[in-house]
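Observations on chain architecture
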Amino acid sequence: MTVALRARHLLGSTAAVLVLGSIAPLAEACSICRCGDATFNALGKDVTSEPGWRFAFDIDRFSKTQGPPEAQDSVVEDRYTAIGAYTLGNRALLVARVPYAERTLDATDGADVEHSQASGLGDPEFSAQIRLWSSPLNGDLGRRLSFSATVGVKTNWGENDIERDGERLDEHVQPGTGSTDPFFGVSGYYLLNPKSSLFASVQRRSPSANDFGYQYGDISLVNFAYERKLSAKLDSVLELNYRYSGHDRVDDAGSFDPNTGGRILYLTPRVLVNVGGVVLRFAAQIPVAESLYGVQDEKPVYNIGFTRSFGK
């Protein structure tokens, strides 16, 4: 078997393992959560090769509706996230993400529409990405094939008890979830040539219940991306982002919201422009296939951001 055929066989096996690993114990997920790989989006595929600091900032707009027209909730969120990361010894990446969220909710009850909004600190999260294995250095390509594991936790430090006129606002307008959620995953990339590469990742998140009895379900994410360098300063990425989610538990009695959860697949084109050492990023996540529970409709997610690296 030639080297090229062995590489294709290994890449195919890797992709199969990643996909099967994500599908095996599928569970339930939140009614308003993200698709995609946040670290890949902000920092790129090879985050452990160069020691030093990275800083990124992202602005996301997300919107969805759930429930029948006579009892429909419409949620719009603008999220601003600061990301700080540090690479240790060409082997590990430490990441901190601190979001600030602005949410609006229009809740329809027959002919009446109740409008509410809230803004504040979202839930900071901390993670570590460890490179498990990589192929030897290969000339200008560097490490052609690499695998990593990610472990982390989303804290419950965000605001989840905002009130208006003495009453707590609806769960879906709160900037934070009020729960502590561990997560873990695996990822890998393969350099096809000096100008193009493949990236894949799988992640699982397991939310807990908050102080008000609301529990967003477990989240399973699968991501696959093709990256192509168009010039020295212009890069392009095309991704498939898959999410499986189940019904949210709405109280301590174990009741579930039937209009939450399901499966969704996004197609995500992204453009990256290097301007004086700062990489500007523009992306849109476009729903291309949905199998959501109950009555739901998720809209495109828009993202702009920038990334700056600082050598050690």
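What comes next concerns the included structure. (Residues numbered from 1 in each chain as written. Predicted model: local features only at pLDDT ≥ 70, side-chain atom pairs only at ≥ 80, totals over all residues. Heavy atoms only, no water.)

Where strand S11 (residues 219-229) and strand S12 (residues 234-245) come together, ten bridges link them in antiparallel fashion. Across the sheet, the residue bridging to Ala225 is Glu239, located in S12. In this antiparallel pair of consecutive strands, S11 and S12, the connection spans four residues. (Pairing = 2+ DSSP bridges. Helix = DSSP H or I, 4+ residues; strand = E, 2+ residues; numbered from the N terminus.)

Within the secondary structure, Arg91 sits in the loop between strand S2 (73-88) and strand S3 (92-109). C-alpha separation for the pair Arg91 and Glu50, spaced 41 residues apart in sequence, amounts to 9.3 Å. Beyond its immediate sequence surroundings of up to four residues, Arg91 is in contact with Thr48, Gln129, Ile130, Arg131 and Leu132. (Contact = heavy atoms within 4.5 Å.)

This part covers unusual backbone geometry. Outside of glycine, negative phi angles account for most residues, and trans bonds account for most peptide bonds. Located in the positive-phi region is Asn90, a residue other than glycine, with phi close to 55°. With respect to the helices, strands and loops of the structure, Asn90 is situated in the loop between S2 and S3. Judged by relative accessible area, Asn90 falls into the partly exposed class, the value being 32%. In this structure, Asp165 takes a positive phi of about 55° despite not being glycine. By secondary structure assignment, the location of Asp165 is in the loop between strand S7 (163-164) and strand S8 (167-168). When its relative accessible area of 84% is taken as the criterion, Asp165 is described as exposed. (Buried < 20%, exposed > 50% of the residue type's maximum accessible area, 1.4 Å probe, protein only.)

Attention shifts here to the packing of aromatic side chains. Counted by the stated rule, this structure contains seven aromatic pairs. Geometrically, the ring pair formed by Phe40 and Phe199 is stacked, given 4.2 Å between the ring centres and 5° between the ring planes. With a gap of 159 residues between them, Phe40 in helix H2 (residues 38-43) and Phe199 in strand S10 (residues 196-205) connect regions that are remote in the sequence. Among the aromatic side chains, those forming a connected cluster through ring pairs are Phe55, Phe57 and Phe306. Over the ring of Phe310 we find Arg308; its NZ or CZ atom is 4.8 Å from the centre of that ring. (Phe/Tyr/Trp six-rings, centres within 6.5 Å; stacked < 30°, edge-to-face > 60°. Lys NZ or Arg CZ within 6 Å of the ring centre and 35° of its normal.)

On the surface, Asp109, Asp112, Glu114, Glu159, Asp161, Glu163, Asp165, Glu167, Asp170 and Asp211 cluster together into a patch of negative charge. The topology assignment puts Asp112 in strand S4 (residues 112-121). A relative accessible area of 55% places Asp112 in the exposed class. (Patch = residues over 30% accessible without salt bridge, like charges linked within 9 Å, V, L, I, M, F, W, Y side chains within 5 Å. Areas by Shrake-Rupley, 256 points an atom, 1.4 Å probe, with all protein chains shown as cover. Salt bridge = Lys/Arg side-chain N within 4 Å of Asp/Glu carboxyl O. Lys, Arg positive; Asp, Glu negative; His and termini not counted. Charge placed at Lys NZ, Arg CZ, Asp CG, Glu CD.)

Attention shifts here to a nonpolar patch on the surface. Among the surface-exposed residues, Ile59, Leu230, Leu234, Val271, Val275, Leu280, Phe282 and Ile304 lie close enough to one another that they form a single nonpolar patch of about 610 Å² accessible area. Among the secondary structure elements, those contributing two or more residues to the nonpolar patch are strand S13 (262-275) and strand S14 (278-292). Relative to the assigned elements, Leu280 resides in strand S14. A relative accessible area of 31% places Leu280 in the partly exposed class.

What follows deals with the side chain of Gln285. By the element assignment, Gln285 lies in strand S14. For Gln285, the residues in contact, after removing those within four places along its chain, are Cys35, Gly36, Asn241, Tyr266, Leu267, Thr268, Pro300 and Val301.

We now examine the pattern of salt bridges. With the rule as written, the count across this model stands at 16 salt bridges. The salt bridge partner of Lys45 is Glu227, with a shortest N-O separation of 3.2 Å. With Lys45 in the loop between H2 and strand S1 (52-66) and Glu227 in strand S11, the pair connects residues that are 182 residues apart, well separated along the chain. With a relative accessible area of 14%, Glu227 lands in the buried category. Across the pair Arg168 and Glu171 runs a salt bridge whose closest N-O atoms are separated by 2.7 Å. Owing to a relative accessible area of 27%, Arg168 belongs among the partly exposed residues under this scheme. Residue class for Glu171 comes out buried when judged on its relative accessible area of 6%. Several salt bridges share partner residues, and in doing so they unite Glu77, Arg79 and Arg103 into one network.

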